[in-house]
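# Results of the structural survey
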Amino acid sequence: MKNLSLVLHGLWAIATGVLFYLVLRRPSAEPTVLPAAAPGQVLPNIYYVDFDSLSSKATYIKQLREESEARQRGISRDLDRRVSQFQQEVAAYQQKGASMTAIQRELTEQDLGKKQQEIVQYREQVADRLAREEADRAEAMMNKIREFLRKQEGLGNIAYVLAYQKSANILLANDSLDITQRVIEGLNAQHAAEKDKAKQK
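Here we take up the packing of helix α3 (residues 59–96) against helix α5 (residues 180–200). Two elements in contact, α3 and α5, have axes whose closest approach is 8 Å; the angle formed by their N-to-C orientations is 65°. Facing Thr-59, Tyr-60 and Gln-63 of α3, the residues of α5 in contact are Asn-188, His-191 and Lys-195. Tallied by class, the residues present in the contact of α3 with α5 amount to one nonpolar, four polar and one charged.

What follows is about the nonpolar core. Leu-54, Ile-61, Met-141, Ile-145, Ile-179 and Val-183 are the most contacted members of the largest nonpolar core, which has 17 residues in total. Counting residues per element, this core draws most heavily on helix α4 (residues 102–150), at four residues. Apart from the residues within four sequence positions on either side, Val-183 is in contact with Val-49, Leu-54, Phe-148 and Leu-149. Grouped together as the second largest cluster of nonpolar side chains are 10 residues, Ile-75, Tyr-93, Met-100 and Tyr-122 included.

What follows deals with α3. With 38 residues, α3 should reach 56 Å at 1.5 Å per residue; the first-to-last C-alpha distance of 55 Å fits that figure. Listing the buried residues of α3 in full gives Tyr-60, Ile-61, Leu-64, Ser-68, Ile-75, Asp-78, Leu-79, Phe-86 and Tyr-93. Summarising the contacts, the buried residues of α3 are in contact with α2 (51–57), α4 and α5.

To continue, consider α5. The end-to-end C-alpha separation of α5 is 30 Å, in line with the 30 Å expected for 21 residues at 1.5 Å each. Residues Thr-180, Val-183, Ile-184, Gly-186, Leu-187, Gln-190 and His-191 constitute the buried set of α5. Buried residues along α5 sit against β1 (45–50), α2, α3 and α4.

With the rule as written, the count across this model stands at one aromatic pair. When the centroid spacing of 5.5 Å and the interplanar angle of 70° are considered together, the rings of Tyr-48 and Tyr-164 count as edge-to-face. With Tyr-48 in strand β1 and Tyr-164 in strand β2 (residues 158–164), this pair connects stretches of sequence that are 116 residues apart. We classify Tyr-48 as buried; its relative accessible area is 8%. For Lys-144, the ring lying beneath its charged end belongs to Tyr-60, and the centroid distance is 4.9 Å.

Procedures and definitions
Residues numbered from 1 in each chain as written. Predicted model: local features only at pLDDT ≥ 70, side-chain atom pairs only at ≥ 80, totals over all residues. Heavy atoms only, no water. Axes fitted to C-alpha atoms, helices over the stretch in contact; angles between N-to-C directions. Helix = DSSP H or I, 4+ residues; strand = E, 2+ residues; numbered from the N terminus. Contact = heavy atoms within 4.5 Å. Nonpolar A, V, L, I, M, F, W, Y, C, P; charged D, E, K, R; others polar. Core = buried A, V, L, I, M, F, W, Y, C linked by side-chain atoms within 4.5 Å. Buried < 20%, exposed > 50% of the residue type's maximum accessible area, 1.4 Å probe, protein only. Expected span 1.5 Å × (residues − 1). Phe/Tyr/Trp six-rings, centres within 6.5 Å; stacked < 30°, edge-to-face > 60°. Lys NZ or Arg CZ within 6 Å of the ring centre and 35° of its normal.

Purely geometric numbers; function is a separate question.
Following this line, the structure appears as structure tokens:
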């Protein structure tokens, strides 16, 4: 019985050794390589536009931005004027308040409270309107760019045109796929033609 146990342990040790040998002898896996395009296979055309450059150099986009900034400045001045006028009324009340009757003070305070509420409501309405206008401008800008890209010759069957920004998640962009300058020049020429046409009317 004791000999049988020794034989079994011996066989177990030999089997374990054989398994280790077979596992360690197997060649390491080859690194995975992305398959190349098959001969004659056409890969989709994917281009990109550097959106930072486009925003700073395309006249149409600059015009939209300037219009937006001018509108914001105008609304900000109007809001400042209303707040300043309200503050003057509050200061005048504080000076004259001691000489007023209790009823006059109550009526003046109610009036000032109503005006303050109107200013707060006006500020909220203006903020909402500016946000909607900004969204409309952004949509108009993107539609203009898309419309321009659809008309482009020589870019083949476009699959995608990506908007690349340095702060975006794209780590590497091949310069040969960059059509930023072409888009800037094309949009500027188109915008100039549209302005000339508008002047002639």
